[in-house]
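Here are the chains, one letter per residue:
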Amino acid sequence: MVTRRSNGRTRRTRPGKGGPGHFSPELFRFLRQLQRNNNREWFDKHRERYIEHVRDPMLRFISDFGPRLKRISTHLTADPRPHGGSMFRIHRDTRFSRDKSPYKTWVAAQFRHERGKDVHAPGFYLHLGQDGVYAGAGIWHPDGDTLARIRAAIVDRPQAWKRIVSAKAFRDGPLRLAGESLKRPPRGCDPDHPLIEDLKRKDFITLVELDEATACAPELLDRYTRICRASVPFMKFLAEAVRLRW
């Protein structure tokens, strides 16, 4: 990344090391306007704004995070392609929804495992939108077999699981467990198991809540990297539970 000094000379800066941020307030301004005008006519009229302020900044973030991700795990991917890569498409799947709004009012990326084919594989996540700004890690809505393997791993390795979720990163921040849980113990689980609340989870994810100012700051890439690194023991446990290499 190149920046221009006041004396007219240029110098090269690394993302997150004093250079400008990847995202700007224009991203959130666009998303707020899209929420009020969620139709194809408006979007087509403002497509260039979407490309300039939403799509391309996210693709640059994905590209710049790639080398850092490889130092965290060589089995997770950062794919900056505009279609089929780490960034979620802006178009909503309305086939089975009563809400026929054609566009999402958020932009997000998932850095998933190389063996994962969809969002249900373990990965890191970044979300910028009207409903919040946050960083995540883990497996969201795993299928039945995957969920059973994670629960079995917790039962088989309770001390390892307890060390992870009671570690400083969870105890004092920034991480917290999130997602949906069953109201009753899952079938086959001892209702008196000391980790029954974790065994009732339907999602195995962590979330770190951020805000728009943080998203637009030059330090976002550094902060996101630190969050991902803090999530490594949790992610490694999940990957091993579902028999994936970390």
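Residues numbered from 1 in each chain as written. Predicted model: local features only at pLDDT ≥ 70, side-chain atom pairs only at ≥ 80, totals over all residues. Heavy atoms only, no water.

Student: Is there a simple way to explain the overall build of the protein chain in this structure?
Tutor: Looking only at helices and strands, one finds ten helices and seven strands in the protein chain. Taking 246 residues into account, the globule formula puts the C-alpha radius of gyration at 18 Å, and the protein chain, at 20 Å, falls close to it. For the protein chain, the spread of C-alpha atoms along the three principal axes comes to 65 × 45 × 30 Å. When the 246 residues of the protein chain are sorted by exposure, 48% land in the buried category. (Helix = DSSP H or I, 4+ residues; strand = E, 2+ residues; numbered from the N terminus. Rg over C-alpha atoms; globule rule 2.2 N^0.38 Å. Buried < 20%, exposed > 50% of the residue type's maximum accessible area, 1.4 Å probe, protein only.)

Student: What is the right way to read the packing of helix H5 (residues 158–165) against helix H10 (residues 232–241) from this model?
Tutor: The packing of two helices is summarised by the inter-axis angle and the distance between the axes. The contact between H5 and H10 brings their axes to 9 Å, and the two run at 150 degrees. Relative to H10, the element H5 lies roughly antiparallel. Crossing of H5 over H10 shows left-handed handedness. From H5, Ala 160, Trp 161 and Ile 164 reach across to H10, where they touch Pro 233, Phe 234 and Phe 237. (Axes fitted to C-alpha atoms, helices over the stretch in contact; angles between N-to-C directions. Parallel < 35°, antiparallel > 145°, perpendicular 65-115°, else oblique. Left-handed = near helix turned anticlockwise from the far one by under 90°. Contact = heavy atoms within 4.5 Å.)

Student: Would you take a moment to explain the packing of aromatic side chains for this structure?
Tutor: Within a pair of aromatic rings, the relevant descriptors are the distance that separates the centres and the angle that separates the planes. This structure, assessed with the given rule, holds 18 aromatic pairs. When the centroid spacing of 5.7 Å and the interplanar angle of 65 degrees are considered together, the rings of Phe 61 and Tyr 224 count as edge-to-face. Taken as a pair, Phe 61 in helix H3 (residues 47–72) and Tyr 224 in helix H9 (residues 220–230) lie far apart in primary sequence, 163 residues in all. Across the pair, exposure class does not vary: Phe 61 and Tyr 224 are buried alike. The interplanar angle of 55 degrees and the centroid separation of 5.2 Å between the aromatic rings of Trp 161 and Phe 237 together place this pair among those described as tilted. A residue pair is termed long-range when its members are at least 10 positions apart, and Trp 161 in helix H5 and Phe 237 in helix H10 qualify at 76 residues. Of the two residues, Trp 161 and Phe 237, neither departs from the other in class, the shared state being buried. Among the aromatic side chains, those forming a connected cluster through ring pairs are Phe 23, Phe 61, Phe 65, Phe 111 and Tyr 224. (Phe/Tyr/Trp six-rings, centres within 6.5 Å; stacked < 30°, edge-to-face > 60°.)

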